Amino acid sequence: MVKYQTVKNIFLIDVTNRDGVQTSRILLSKLAKTMMNVYLDEMGLFQSEIGFPTLKHEVNYINANLELAKKGVIGKMHLEGWCRAVKEDVELTFRNCPDIRHLNISISTSDIMIQGKFQGRKTWDDVLKSAVDSLKLAKYMGAETVGLNAEDASRTDVGKLIEFSLAAKENGADRFRYCDTLGADDPITIYQRIKKIAEATKFPVEMHCHNDLGMAEAVSVSGAQGAVESGVDAYINTTVNGFGERAGNCDLVSTILALKYSHGFAERVHLDERVDLKKSWKVARYASYAFGIPIPICQAGVGANAFAHESGIHADGALKDRRNYELYDPEDVGRVEPELLDTGRIITTGEYGGLKGFRHVYDKLGIHFTDDKEARKTLDLVQYANLHNQKPLTDDELKFIAENPEIVCKILTVTP
Ligand SMILES: [Zn+2]
């Protein structure tokens, strides 16, 4: 019998801006990554894995986002960088981004990867040493929190994962990330494995699960349950719309829905209370637009058909009482108002726009430029931002540019 009074919290760490964007054939501009961070913060997420501080083209974007956090534009959410658990990467991270305070560092732990990737250059003891050395260095260089990631954890012996997680705990890490890198776990295996690890270590666990068997959300919430039942906090890694390597990652909105409405979780699990499901529609729609990938029609909560009824029995039932065929309401996921589409005359601003059109667009957004120089400067930024995004700027993007001109300059700057 499970004692639910010991149940801990589940927090969400979104990895769209790292795992999502590193994926084949899908990409985000630096401005779009920034908007994602802003939306995820509004949604009450614990942390966003914002990118790769060791990668040159990410550096200005990351530093600019750290400034946004300092300014309070990104309020509470941790902005975290990802790098390999090797000392060179940690050093480079702090050289490139001295103000970064949250990191996840990653190394392969399975025999198959240690043999297949390191090809005899590293043993298990070398892996542990590299992880611990990098962790200590990250803390020494100013990291306030560090998650230690076991890549391919789902194909790693549980005993070794306990050793790895204890090494993380004893050397100042804040969490152990269990990566189901190949999406090989099922809800039962992951629950059992996480339970064993959490009971042996009493150390918080992050679930990082992929969707190769179509179970990313199921295994994530199951693993998290194993952790909280063992008396440690759990963290679930998500991506918006499930975008991620191969078949994708654990989808953010589906995960929140599962934790709030499923029979197994709703009463028993404490999801971080700051999480606001009502922001789902906004963040999912923006990600779809920015990535240029439609949301599947049957996507949980945010798909076009998530609240559609046509067949005789269903439509009749839903009309009599929506609870006959709906587990939750459109309003719960932020699908509140009908969206207006301009089909007549429209003035837009962008890459080749001039001052008149620019002023017209901003006036409609309620932003008025009294100073011509300021208007000119902002128009320049709008032109660059449009060039950078290669798609019409959204109202939120236009507002963001006007409110944070210096930071936007940095976000748009890449020095090859
Ligand atoms: Zn991944």
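Here the structure is shown first, and the text comes after it.
Residues numbered from 1 in each chain as written. Predicted model: local features only at pLDDT ≥ 70, side-chain atom pairs only at ≥ 80, totals over all residues. Heavy atoms only, no water.

J.: How would you explain the pattern of salt bridges if you had to name every residue and give the values?
T.: Across all of its chains, the model carries 27 salt bridges by this definition. With a closest N to O distance of 3.7 Å, Asp 19 and Arg 18 form a salt bridge. Taking the relative accessible area as the measure of exposure, Asp 19 reaches 2% and is therefore buried. Arg 177 serves as the salt-bridge partner of Glu 206, at 2.5 Å between the closest nitrogen and oxygen. Of this pair, Glu 206 sits in strand S7 (residues 205-209) while Arg 177 sits in strand S6 (residues 175-180), and the two are 29 residues apart along the sequence. When sorted by exposure, Glu 206 lands in the same class as Arg 177, which is buried. Overlapping salt bridges, with partners in common, bring together Arg 18, Asp 19, Glu 49, Arg 175, Arg 177 and Glu 206 in one network. (Salt bridge = Lys/Arg side-chain N within 4 Å of Asp/Glu carboxyl O. Buried < 20%, exposed > 50% of the residue type's maximum accessible area, 1.4 Å probe, protein only. Helix = DSSP H or I, 4+ residues; strand = E, 2+ residues; numbered from the N terminus.)

J.: If you had to explain helix H8 (residues 187-201) to someone new, which residues and values would you point to?
T.: Taking 1.5 Å of rise per residue, 15 residues should cover 21 Å, and H8 covers 21 Å from first to last C-alpha, within 8% of that figure. Three or more residues of H8 are buried, namely Ile 190, Arg 193, Ile 194, Lys 195, Ile 197, Ala 198 and Thr 201. Along its buried surface, H8 packs onto helix H7 (158-170), S6, S7 and helix H9 (216-229). At the N-terminal end of H8, a side-chain oxygen is found 2.8 Å from the backbone nitrogen of Ile 188, two or three residues along, and the residue is Asp 186. Backbone geometry just downstream of H8 places Lys 202 in the positive-phi region, at approximately 50 degrees. (Expected span 1.5 Å × (residues − 1). Contact = heavy atoms within 4.5 Å. Polar contact = N/O pair within 3.5 Å; in protein donor to acceptor, adjacent residues only side chain to side chain.)

J.: For the packing of aromatic side chains, give the residues involved together with the corresponding values.
T.: Tallied over the entire structure, the rule returns 13 aromatic pairs. Both rings, one in Phe 11 and one in Tyr 235, keep their centres 5.1 Å apart while their planes meet at 25 degrees; by these two values the pair is stacked. A residue pair is termed long-range when its members are at least 10 positions apart, and Phe 11 in strand S1 (residues 9-14) and Tyr 235 in strand S8 (residues 234-238) qualify at 224 residues. A relative accessible area of 13% places Phe 11 in the buried class. The exposure class assigned to Tyr 235 is buried, which follows from its relative accessible area of 8%. With 5.7 Å between their ring centres and 85 degrees between their planes, Phe 307 and Tyr 328 make a pair best called edge-to-face. Within this pair, whereas Phe 307 is found in the loop between helix H11 (280-291) and helix H12 (312-320), its partner Tyr 328 is found in the loop between H12 and helix H13 (355-364), the two being separated by 21 residues in sequence. Here Phe 307 matches Tyr 328 in class, with each residue buried. The structure contains a cluster of three or more aromatic residues connected by ring pairs, namely Phe 11, Phe 46 and Tyr 235. Taking NZ or CZ as reference, Lys 122 lies 4.8 Å from the ring centre of Phe 118, over its face. (Phe/Tyr/Trp six-rings, centres within 6.5 Å; stacked < 30°, edge-to-face > 60°. Lys NZ or Arg CZ within 6 Å of the ring centre and 35° of its normal.)

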